[in-house]
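Below are the chains, spelled out letter by letter.
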Amino acid sequence: GESVGLHLPTLSVQEGDNSIINCAYSNSASDYFIWYKQESGKGPQFIIDIRSNMDKRQGQRVTVLLNKTVKHLSLQIAATQPGDSAVYFCAENRDDKIIFGKGTRLHILP
Amino acid sequence: ETGVTQTPRHLVMGMTNKKSLKCEQHLGHNAMYWYKQSAKKPLELMFVYNFKEQTENNSVPSRFSPECPNSSHLFLHLHTLQPEDSALYLCASSQMGANTGELFFGEGSRLTVL
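Here is a short report on the structure shown in this document. For every chain, the first residue of the written sequence is number 1, and numbering continues from 1 along that sequence. Chains and ligands are labelled by the order in which they are written, letters from A for the one and numbers from 1 for the other. For this predicted model, a pLDDT threshold of at least 70 governs which residues receive local features, and a threshold of 80 or more governs which side-chain atom pairs are given and counted, while totals over whole chains, interfaces and linings are taken from all residues. Each side-chain value is worked out from all heavy atoms of the structure, with water and hydrogens disregarded.

A look at the interface of chain B and chain A
Heads up, the rule is: Any two residues whose heavy atoms approach within 4.5 Å are treated as being in contact. Once two parts are put together, the accessible area they lose, assessed with a 1.4 Å probe and summed over both, is termed the buried area. Any carboxyl oxygen of Asp or Glu within 4 Å of a side-chain nitrogen of Lys or Arg constitutes a salt bridge here. For this analysis, a polar contact is any N or O atom pair within 3.5 Å, provided that within protein one partner can donate a hydrogen and the other can accept it, and provided that sequence-adjacent residues contribute only side-chain to side-chain pairs. Put simply, DSSP marks the helices as runs of H or I at least four residues long and the strands as runs of E at least two long, and each gets a number from the N terminus on. Throughout this entry, Asp, Glu, Lys and Arg are counted as charged residues, while Ala, Val, Leu, Ile, Met, Phe, Trp, Tyr, Cys and Pro are counted as nonpolar. The remaining residues, Gly among them, count as polar.
Facing 20 residues of chain B, the contacting portion of chain A comprises 21 residues. Carbon and sulfur atoms supply 57% of the area buried between chain B and chain A, which totals about 1500 Å² over both sides. Contact with chain A buries surface across chain B, with P42(B), L43(B) and G101(B) losing the most and accounting together for 29% of the total. Seen at the junction of chain B and chain A, the total is zero salt bridges. Connecting chain B to chain A are six residue pairs in polar contact (both at pLDDT 80 or more). Ranked by residues supplied to the side of chain B that touches chain A, first place goes to strand β4 (residues 31-37) of chain B with three residues. Class assignment for the residues of the side of chain B that touches chain A results in ten nonpolar, five polar and five charged.

Here you go:
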């Protein structure tokens, strides 16, 4: 069954503000997590990943935080832009299979 | 242009029809996948092919039949489908063994079963 899940199905953020999308997982043995972005009419696209030996990883305008104590990870998007409007999925690599949670749709308010 | 191409993009079929979805990857990857994406449900992994060998069949009904003739091509043969099979079917590829969770997805085939 599903072992990763997102807290909110939708999130609305003012353009220019930071966005924080949350995800919880249930398996304490999980050691590798990935965030994907899916724009309308397209397939999911890899954003950033993190392994359990790290608490934080940064990319271009994105940061992923991993809290193994409470089995929670988050994706932070700095200075949110209209092009960030999409559905965001957290996923887990389990036995070389990528298992996805439900998505959070990010709406950008003008 | 993505490295993974899916055809057709849209397909409408009756429950008695037989059709196939096609996926081609131009990335030199050794693994290919079929996922099903339904409204309000997580992406569901259906099949995994690693070096042309099927390594995963995630309890998918037999009315879905995958075929992987080589590491660049993947098909999903459809027959006697049900209306609840209507969904977006996504193909992906990756380099298995590269210690990464990065999948490269196509744009999907939107299937409607009448």
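Structure's up, so let's keep going.
Structural notes on the pairing of strand β7 (residues 64-70) of chain B
All names here are of chain B. This is how the line gets drawn: Between any two strands, pairing holds if DSSP finds at least two bridges.
Note: β7 against strand β8 (residues 73-79), five bridges, orientation antiparallel. The partner of F64 across the bridge, within β8, is L78. Connecting β7 to the next strand, β8, in antiparallel fashion are two residues.

Topic: the environment of L76(B)
All names here are of chain B. On the secondary structure map, L76 appears in strand β8. Sequence-wise, L76 and G28 are 48 residues apart; in three dimensions their C-alpha atoms are separated by 20 Å. In contact with L76, not counting residues within four places along its chain, are K19, S20, L21, W34, M46, F47, F64, S65, P66 and Y89.

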